[in-house]
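So the chains spell out like this:
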Amino acid sequence: MTDKQKPQPSASATAESADSALHHIVDGFLHFHHEIFPEQEAFFKKLATAQKPRAMFIACADSRIVPELITQSSPGDLFVTRNVGNVVPPYGQMNGGVSTAIEYAVLALGVQHIIICGHSDCGAMRAVLNPASLKKMPTVKAWLHHVEVAKTMVQDNCNCATEAESMHVLTEENVIAQLQHLRTHPSVASRMANGHLFIHGWVYDIETSAIKAYDADKGCFLPLDGTNPIPSATPKARF
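Everything numeric in this text was worked out from a predicted model, so none of it was measured. (Residues numbered from 1 in each chain as written. Predicted model: local features only at pLDDT ≥ 70, side-chain atom pairs only at ≥ 80, totals over all residues. Heavy atoms only, no water.)

Caption draft 1: Layout of the packing of helix α4 (residues 97-108) against helix α9 (residues 186-193). Between α4 and α9, whose axes approach to 9 Å, the crossing angle comes to 35°. As α4 runs across α9, the sense of the crossing is left-handed. Touching I102, E103, V106 and L107 of α4 are S187, V188 and R191, all from α9. Split into classes, the residues belonging to the contact of α4 with α9 amount to four nonpolar, one polar and two charged. (Axes fitted to C-alpha atoms, helices over the stretch in contact; angles between N-to-C directions. Helix = DSSP H or I, 4+ residues; strand = E, 2+ residues; numbered from the N terminus. Left-handed = near helix turned anticlockwise from the far one by under 90°. Contact = heavy atoms within 4.5 Å. Nonpolar A, V, L, I, M, F, W, Y, C, P; charged D, E, K, R; others polar.)

Written out as C-alpha cells, the structure reads:
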C-alpha cells in the first residue's frame, strides 16, 4: 500500500512522515496552481506588478496563526512579518528583518496601519516564563530578551496564581511592550505624529477565535466584537 492509499492520520495521531508532509504541501500547491489560480487569474495579474497593502501585520511564527485567514484578507491586503513571539526590536539595537520590514512598509508602501498580534498558548511566552527550556536554543533565548520588559512587568505587578494566568498576562504585556518598541522607529514615530499612521495591539485566542485589542486611552484590552468603536493604541497626532 502506498502512502497515498493509506488512511490520512488524524490530528491526534502520531506525526506524519517527512515524505508525507512534503507531499501534502506540494499537493496543496498543485491544487492552487491548477484549480484556484485559473479562476482568479485576472486578479493575480493585477498583483503581478505592484502592491498596496491595507496594513502591516506583525504576528508570531506559530503555525496555528494565519493572519490572512483570521482577517479574511486576500493576497495583497496584508504586508505580513512573522517571528518568534511577535517581537519588534527597538530601533537601532538590531537592524534585521523586522526593522527593515517596518521601514519598507511605512516609507515605500505607505501602510496606514500596523497591527502587532499576540496569541493564546504562545510557546515563546511559555519559554520566557521557563528560561531553562531555552538551554539548547541560544539564539531564541537572545531574541526573547526583547520580551524582558513584559516579563518584569508581570513579575513585579501580577500576583498570578498559576502559569496559565501568568501566560495570559504576559501575552498582553508583551504586545504592549512591542508597541512601545515600535514607536521608537523614526519612520513610525513621524507618521504617527502627523496622523498618517495608526498602530494596534491585538491578542488572538486560538480556541475561540476571539480577539482583544489594546485601548491606549483606557489602558486595557477590549473585545474586537464589532459593536463598539475599534480600540486604538495610537497616541494623538501632534501635527
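Caption draft 2: Region of interest: α4. Its twelve residues place the ends of α4 15 Å apart at the C-alpha level, agreeing with the 16 Å of an ideal helix rising 1.5 Å per residue. By the burial criterion, the buried members of α4 are V98, S99, A101, I102, A105 and V106. Seen along its axis, α4 keeps its buried residues to an arc of 165°; they face one direction. Check the buried side of α4 and you find it contacts β1 (55-60), β2 (78-83), β3 (113-119), α6 (138-143), α8 (163-182) and α9. Phi turns positive one or two residues past the end of α4, at G110, with a value near 65°. (Expected span 1.5 Å × (residues − 1). Buried < 20%, exposed > 50% of the residue type's maximum accessible area, 1.4 Å probe, protein only. Arc of directions from axis to C-beta.)

Caption draft 3: Spotlight on the confidence of the model for the protein. When pLDDT is averaged along the protein, the result is 93; 93% of the residues meet or exceed 70. Note that residues 1-7 has pLDDT below 50 and, in this model, four contacts with residues that lie over four places away or in other chains. (pLDDT = per-residue confidence, 0-100.)

Caption draft 4: Broad picture of the state of the cysteines. This structure, assessed with the given rule, holds one disulfide. Residue C158 pairs covalently with C160 via a disulfide, S to S 2.0 Å. Across the S-S bond linking C158 and C160, the dihedral sits near 95°, which makes this disulfide right-handed. C117 carries a free sulfur, and the closest cysteine sulfur to it, the one in C60, is 9.4 Å from it. Judged by its relative accessible area of 1%, C117 is buried. Unpaired in terms of disulfides, C122 finds its nearest cysteine sulfur in C60, a separation of 4.1 Å. (Disulfide = S-S within 2.5 Å.)

Caption draft 5: Highlighting the environment of A15. You can see A15 is positioned in the segment before α1 (18-39). Along the sequence, A15 and A210 sit 195 residues apart, while their C-alpha atoms lie 28 Å from each other.

Caption draft 6: Representation of the pairing of strand β4 (residues 198-204). Summarising burial for β4: six of the seven residues are buried, a large majority. Where β3 meets β4, seven bridges bridge the pair, whose relative direction is parallel. What sits directly across from C117, in β4, is W202. Here three bridges tie β4 to strand β5 (residues 211-215), and the two strands are oriented antiparallel to one another. Bridge pairing in β5 places W202 opposite A213. Taken together, β4 and the strand that follows it, β5, pair antiparallel across an intervening segment of six residues, in which S209 is found at a positive phi of about 75°. (Pairing = 2+ DSSP bridges.)

Caption draft 7: The packing of helix α7 (residues 148-157) against α8, seen in detail. One can describe the packing of α7 onto α8 by two numbers: an axis separation of 8 Å at closest approach and a directional angle of 135°. It follows that α7 is oblique to α8 by the angle criterion. Here α7 and α8 pass one another in a crossing that is right-handed. Contact residues: V149, A150, K151, M153 and V154 in α7; S166, V169, L170, E173, N174, A177 and H181 in α8. The residue inventory of the contact of α7 with α8, partitioned by class, reads seven nonpolar, three polar and two charged. (Parallel < 35°, antiparallel > 145°, perpendicular 65-115°, else oblique.)

Caption draft 8: Inspection of the pairing of strand β6 (residues 220-223) at higher detail. Across four bridges, β5 lies against β6 in antiparallel orientation. Residue pairing in the sheet places A213 in a bridge with L222 of β6. Counted along the chain from β5 to the antiparallel partner β6, the turn is four residues long, and its residue G219 has a positive phi close to 70°.

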